[in-house]
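Tertiary structure, described
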Amino acid sequence: MSRDLAEVIFPEITKTVADYEEEYPRRIDVQGKPQCCVRFAPSPTGFLHIGAIYTALINRLFADQNNGVFILRIEDTDQKRSITGTVEEIVSAFDLFNIKIDEGAISSDSCMGEYGPYFQSKRKHIYEAFAKELLRRGDAYPCFCSSEDLEQLRQRQMNEKSPVIGYAEADAACRHLTSEEQLARIERGDEYIIRLRSRGSHDQTRVFTDGLRGELEMPVNNQDIVIIKADGLPTYHFAHSVDDHLMRTSHVIRADEWVSSLPIHVELFEIQGFELPEFIHLSPIMKQEGNSRRKLSKRLDPEARASYYIEVGYPLPAVKDYLMNIANSNFEDWRRDNQDVPVESFPFDIYKTSISGALFDFYKLENIAKKIVGNMTEDEIITAYSEWLQTDLDTDENRNSRESMRQWLAEHTKDFGRSISIWHEGRLDVAKWSDVYENYPYLYDRSFSERMPVFPEDFIEQKTDVIAILETYLESYDHSDDNSAWFGKVREIATKFNYAAKPKDYKKNPDLYKGSIVHVSSYVRFAVTHALNTPDLHSMIQFMGEEEMRQRVEATISALRDL
Ligand code: GLU
């Protein structure tokens, strides 16, 4: 009788499970052994989390180390939650982060590989064939319960303090319908979904194995979970079992939020007679907040979004290095000994990733990125920086500065090249491309002299001296002076105004002087840059030109006069 039911429900499904088993054969590697196959399977339900890049990168590295295949599968069966544009975002983030796939989605509607389609929404006929087989064998059944029925059941279980919770065991009302009743209701046009007939019971536990956590004793699944929803599409759990079986996934490496679903997944695999893959659940990236740790949150932390790193312009190899760094604690030592090779060469050990959660550390990320920028040649910086300026960004906090840099750079690539050496040599100040403008507005803001300086306290106290010193500086300035001639003049000015020409003289006899050469240089530096800690001042003045320098010093003098 159940055979008829399967036919009545899926009359058009003619291909069988056996046909699919043949169509998607087991994967064999070049040595004739079972091939490693992993997948990253995002649901396109919103922006991409940096944890997704972390998981994808780990999958990629794991596949590489095991001569395996890495698949990008799009789990878009939850039509209500799917958001257009997310697949493009994933594909383009993979591209930018240089995470290569062997099979799977390559755009919002196309894929490559022999085990596809790789969009779940295009695999409906396959899920139906597998659901049909379960119906045929009596391991699934149609359920006609309405949401009110389910609510009533919930209330009753609560009132009776029932040991069975949910749509399960004796409480799974439609499980007990006879075949005649099922067929009659379907023929009458009653709405239904399809549920698994679970073999578990609420008082059973068993051991499940996770690659990182080892053996976990958990209650078995006893829920008659939905496998095909009212819209005809499969639930995530069911699709996962069918897809990972047919795509011949050997290792399911995913976020640890799915550990609690293991009992459901294992039951689905076992009931369908599928070989179990190895499950490896990765802990999420955590953030330290005071004394406690919490998950990086999409809502609270901008750095939770993968696009954040693209937007502010971290060199993406630095972000990958950083992610590896939080995945395996020996990465840093390896990187020290292997500076010029891609992160993909790291002998990553998935079994050594921490299960207490990798801790997000901005300071570390910045340091890694600064070193990577520090090791780049000027040409590499020009290329990477120009690319960043050209990238279309959705939320662009740096829109104005990016736009003005883009225009300027288009015509002044050579000048930009000259300016790089000013901040690049011997300094590790730039971690991300937005830092270039933000750290050095005095090099790149074309209207810098219109900015109003915020004077340090001692400048205001020494106002008369500062003005006189700056005026003398301008009088004696000669743009053809080299660094030492230029500095010699600053020293002369210091002596003239009774500032010690050598800092140590001032230290020895502070009462004899108003200050030292350090103060005098800082007045000039501040007038030109509105900052006290900058790269070499003479080089910067040579870069910006005499006129620009004079304008700034004059503007500073008049701002001081107006105080
Ligand atoms: N679509 C699921 C997610 O986005 C994938 C879980 C899995 O990898 O099995 O979380």
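Going by the structure above, here's the rest.
Just so it is clear, the structure is predicted and the values come from calculations on it, not from any experiment.

With that settled, consider the layout of surface pockets. Estimates place the volume of the largest pocket at around 1200 Å³. If you go around the largest pocket, you meet 38 residues; those closest to its centre are Pro315, Leu316, Pro317, Ile372 and Met376. Counting residues per element, the ones that place at least two in the lining of the largest pocket are helix H10 (306–312), helix H11 (316–327), helix H12 (331–337), helix H13 (362–374) and helix H14 (378–390). In this structure, the second largest pocket occupies an estimated 1000 Å³ of space. Together, 37 residues line the second largest pocket, and Pro42, Ser43, Ala255, Glu257 and Trp258 are the ones closest to its centre. Those elements giving two or more residues to the lining of the second largest pocket turn out to be strand S1 (37–40), helix H3 (50–65), helix H4 (86–96) and strand S10 (251–255). With four residues, H3 is the single largest residue contributor to the lining of the second largest pocket.

As a further point, take the side chain of Arg195. For Arg195, the location among the structural elements is in strand S6 (residues 193–196). At a separation of 2.8 Å, a polar atom in the side chain of Arg195 contacts the main-chain carbonyl oxygen of Asp224. Not counting the four nearest positions on each side in its chain, Arg195 is found in contact with Asp139, Ala140, Tyr141, Cys143, Leu150, Tyr167, Asp224, Ile225, Val226 and Ile227.

Taken as a whole and judged by the stated rule, the model has 46 salt bridges. Here Lys364 and Glu332 are joined by a salt bridge, their closest N and O atoms 3.1 Å apart. Here Lys364, found in helix H13, pairs with Glu332, found in helix H12; they are 32 residues apart in sequence, far enough to count as distant. Exposure remark for Lys364: the relative accessible area of 25% places this residue in the partly exposed category.

Close to the ligand lie Arg39, Ala41, Pro42, Ser43, Glu75, Tyr236, Arg254 and Trp258. Contact between the ligand and Glu75: a nitrogen atom at 2.6 Å from a side-chain N or O atom of the residue. Side-chain polar atom of Arg254 to an oxygen atom of the ligand: 3.0 Å apart, as the coordinates give it. Burial of the ligand by the protein chains amounts to 84% of its free accessible area of 300 Å². When atoms are counted within 2 Å of each cavity's grid points, the one that captures over half of the ligand is the second largest pocket.

Our focus in this paragraph is the packing of helix H21 (residues 483–496) against helix H23 (residues 517–529). Across the interface, H21 lies against H23 with an axial gap of 9 Å and an inter-helix angle of 115°. Handedness of the H21/H23 crossing: right-handed. Facing Phe487, Val490, Arg491 and Ala494 of H21, the residues of H23 in contact are Ile517, Val520 and Ser521. Of the residues assigned to the contact of H21 with H23, the class counts are five nonpolar, one polar and one charged.

Between helix H20 (residues 463–476) and helix H25 (residues 546–561), whose axes approach to 10 Å, the crossing angle comes to 160°. Compared by their axis directions, H20 and H25 come out roughly antiparallel. Of the two possible hands of crossing, H20 and H25 adopt the one that is left-handed. Where H20 abuts H25, its residues Lys463, Val466, Ile467, Leu470, Glu471, Tyr473 and Leu474 lie against Met549, Arg550, Val553, Glu554, Thr556, Ile557, Leu560 and Arg561. Of the residues belonging to the contact of H20 with H25, the class tally is nine nonpolar, one polar and five charged.

With that out of the way, let us pick up the sheet that holds strand S14 (residues 358–359). The sheet built from three strands is open, its strands ordered S13-S12-S14 with mixed pairing. With one partner strand each, in any of the chains shown, strand S13 (292–295) and S14 form the two edges of the open sheet.

Once that is clear, we can look at the nonpolar core. Ranked by size, the top nonpolar core spans 60 residues in total, and within it Leu323 and Met324 carry the most contacts. With 10 residues, the top contributor of residues to this core is H3. In contact with Met324, other than residues within four places in its own chain, are Leu57, Ile58, Leu61, Phe331, Val343, Phe346 and Phe348. With 57 residues, the next largest nonpolar core counts Ile382, Ala494, Met544 and Met549 among its residues.

Once that is clear, we can look at empty space enclosed by the protein. A full pass over the atoms with the stated rule returns two cavities of 30 Å³ or more. The calculated volume of the largest cavity comes to roughly 40 Å³. Tyr385, Trp388, Leu389, Asn398, Ser401, Arg402, Met405, Trp433, Ser434, Tyr437 and Glu438 together form the lining of the largest cavity. Looking at the second largest cavity, its volume works out to about 40 Å³. Among the secondary structure elements, those contributing two or more residues to the lining of the second largest cavity are H20 and H21. Counting residues per element, the lining of the second largest cavity draws most heavily on H21, which supplies three residues. Considering only residue class, the lining of the second largest cavity consists of four nonpolar, one polar and three charged.

What counts as what
- Residues numbered from 1 in each chain as written.
- Predicted model: local features only at pLDDT ≥ 70, side-chain atom pairs only at ≥ 80, totals over all residues.
- Heavy atoms only, no water.
- 1 Å grid on protein atoms, 1.4 Å probe; cavity = no way out; pocket = protein on both sides within 12 Å on 5 of 7 lines; lining within 4 Å.
- Points joined across faces, edges and corners; volume = space filled by probe spheres on them.
- Helix = DSSP H or I, 4+ residues; strand = E, 2+ residues; numbered from the N terminus.
- Polar contact = N/O pair within 3.5 Å; in protein donor to acceptor, adjacent residues only side chain to side chain.
- Contact = heavy atoms within 4.5 Å.
- Salt bridge = Lys/Arg side-chain N within 4 Å of Asp/Glu carboxyl O.
- Buried < 20%, exposed > 50% of the residue type's maximum accessible area, 1.4 Å probe, protein only.
- Near = heavy atom within 4 Å.
- Areas by Shrake-Rupley, 256 points an atom, 1.4 Å probe, with all protein chains shown as cover.
- Sits in = over half its atoms within 2 Å of the grid points.
- Axes fitted to C-alpha atoms, helices over the stretch in contact; angles between N-to-C directions.
- Left-handed = near helix turned anticlockwise from the far one by under 90°.
- Nonpolar A, V, L, I, M, F, W, Y, C, P; charged D, E, K, R; others polar.
- Parallel < 35°, antiparallel > 145°, perpendicular 65-115°, else oblique.
- Pairing = 2+ DSSP bridges.
- Core = buried A, V, L, I, M, F, W, Y, C linked by side-chain atoms within 4.5 Å.

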